[in-house]
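Geometric and topological summary
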Amino acid sequence: MRKTNTGDCPSAAGRPRCPDRRAAILAAALTLLTEQGFSRMTLDQVARTAGVSKATIHLRWRAKADLAAAALAAAPLPCSVPAPARAQGTPRPAGDPRAELANLLDDFIDALSRRRDAALMGTCLAEEAHTPRLLHALREREVLPRRAALRAVLDEGRAGGLLPADADLEALASALLGACYADHLAGRAAAPGAGRRIVDTVLGPEPESGSGPAPGPGAGWGPARQPDPGRT
């Protein structure tokens, strides 16, 4: 595995520890944690990959679990902007919350496959009983920000009357993300437009242009709410 370039850092006593070395160590630890899992990852491997000595690692972290948790906490945020399309310089689809949700889900699908986020999640889940802080760190850095991004779009839809006032936004976020997890675990290849397919399946088909809004406060997002058979 290629070593990370740590740059030139002063090592005289009393000087601040080199931030480049810290970043290289955290990046190496995150890569190895993803590729090999927590139990197989060793500090020797991290040191070799980061291009530092093992003693340099121990100056900053007492144990492997400390380093792994720090690497997860420092991982790049998945949703630093509300939608991947905007990160690429493309304007947000004005007035199209479905497209916004689809962009977020497409980014997550890509993370599960190409960026191997699923492997990292599996590692943290496997260590939940013995090293629960790994899952906690992943949840805070990866899971909750992604849910918050979805929730923000859903909340806008509810505030604008596109979703029922009593819509359970947490349940909708779970359904949208859960479909991505399920497809990945089932080995279903992510076809182009998968994010939009999931959005339309969970929220219901969008009314056809010119057909008028569907009845009910969820028009444009999902099917009309059915009357409660228990009410007369």
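Residues numbered from 1 in each chain as written. Predicted model: local features only at pLDDT ≥ 70, side-chain atom pairs only at ≥ 80, totals over all residues. Heavy atoms only, no water.

Structural notes on the overall build of the protein
For clarity, the threshold we go by: Strands here mean DSSP runs of E at least two residues long; helices mean DSSP runs of H or I at least four residues long; both are numbered from the N terminus. We call a residue buried when its accessible area falls under 20% of the maximum for its residue type, exposed when it is over 50%, and partly exposed in between, using a 1.4 Å probe and counting protein chains only. By the convention used here, residues are in contact when the closest approach between their heavy atoms is within 4.5 Å. Note on areas: these come from Shrake-Rupley sampling with a 1.4 Å probe, and a residue is covered only by the protein chains present in the view.
Looking only at helices and strands, one finds ten helices and zero strands in the protein. Scanning the protein from its N terminus toward the C terminus, one meets helices and strands in the order α-α-α-α-α-α-α-α-α-α. In the protein, which comprises 232 residues, the share counted as buried stands at 40%. Within the protein, contacts between residues at least 6 apart in sequence are counted, and of these 63% link residues at least 24 apart. Element-wise, carbon and sulfur atoms account for 53% of the exposed surface of the protein, whose accessible area totals about 13,000 Å².

So, the environment of Ala 137
Considering the arrangement of structural elements, one finds Ala 137 in helix α8 (residues 132–159). Taking the C-alpha atoms as reference points, Ala 137 and Ala 68, separated by 69 residues in sequence, lie 9.3 Å from one another. Excluding residues within four positions of it along the chain, Ala 137 makes contact with Ala 69, Leu 72 and Ala 73.

Remarks on the packing of aromatic side chains
Counted only if it meets this: A pair of aromatic rings is counted whenever rings of Phe, Tyr or Trp (Trp by its six-membered ring) have centres within 6.5 Å, and the orientation is called stacked for planes under 30 degrees apart, edge-to-face for over 60 and tilted otherwise.
This structure, assessed with the given rule, holds one aromatic pair. Pairing Phe 108 with Tyr 181 gives two aromatic rings, centres 5.1 Å apart and planes at 80 degrees, and the pair type is edge-to-face. Here Phe 108, found in helix α6 (residues 97–113), pairs with Tyr 181, found in helix α9 (residues 169–185); they are 73 residues apart in sequence, far enough to count as distant. A relative accessible area of 31% means that Tyr 181 is categorised as partly exposed.

Comments concerning the nonpolar core
Formally: We call a set of buried Ala, Val, Leu, Ile, Met, Phe, Trp, Tyr and Cys residues a nonpolar core when their side-chain atoms join them within 4.5 Å.
Grouped together as the largest cluster of nonpolar side chains are 55 residues, with contacts concentrated most on Val 46, Ile 57, Leu 67 and Leu 72. Put simply, the parts of the chain that give this core at least two residues each are α1 (19–36), α2 (43–50), α4 (64–73), α6, α7 (117–126), α8, α9 and α10 (194–203). Excluding residues that lie within four positions of it along the chain, Val 46 makes contacts with Ile 25, Ala 28, Ala 29, Leu 32, Met 41, Ile 57 and Leu 67.

So, α2
Within α2, six of the eight residues are buried, leaving the element largely enclosed by the surrounding structure. Leu 43, Gln 45, Val 46, Ala 47, Thr 49 and Ala 50 are the residues of α2 that are buried. Gly 51, located one to two residues past α2, shows a positive phi value of around 75 degrees.

Quick notes on the side chain of Thr 34
This is how the line gets drawn: What qualifies as a polar contact is a pair of N or O atoms within 3.5 Å, subject to a donor-acceptor requirement within protein and to the restriction that residues adjacent in sequence count only when both atoms come from side chains.
Within the secondary structure, Thr 34 sits in helix α1. Of note is the side chain of Thr 34, whose polar atom sits 2.9 Å from the backbone oxygen of Leu 30.

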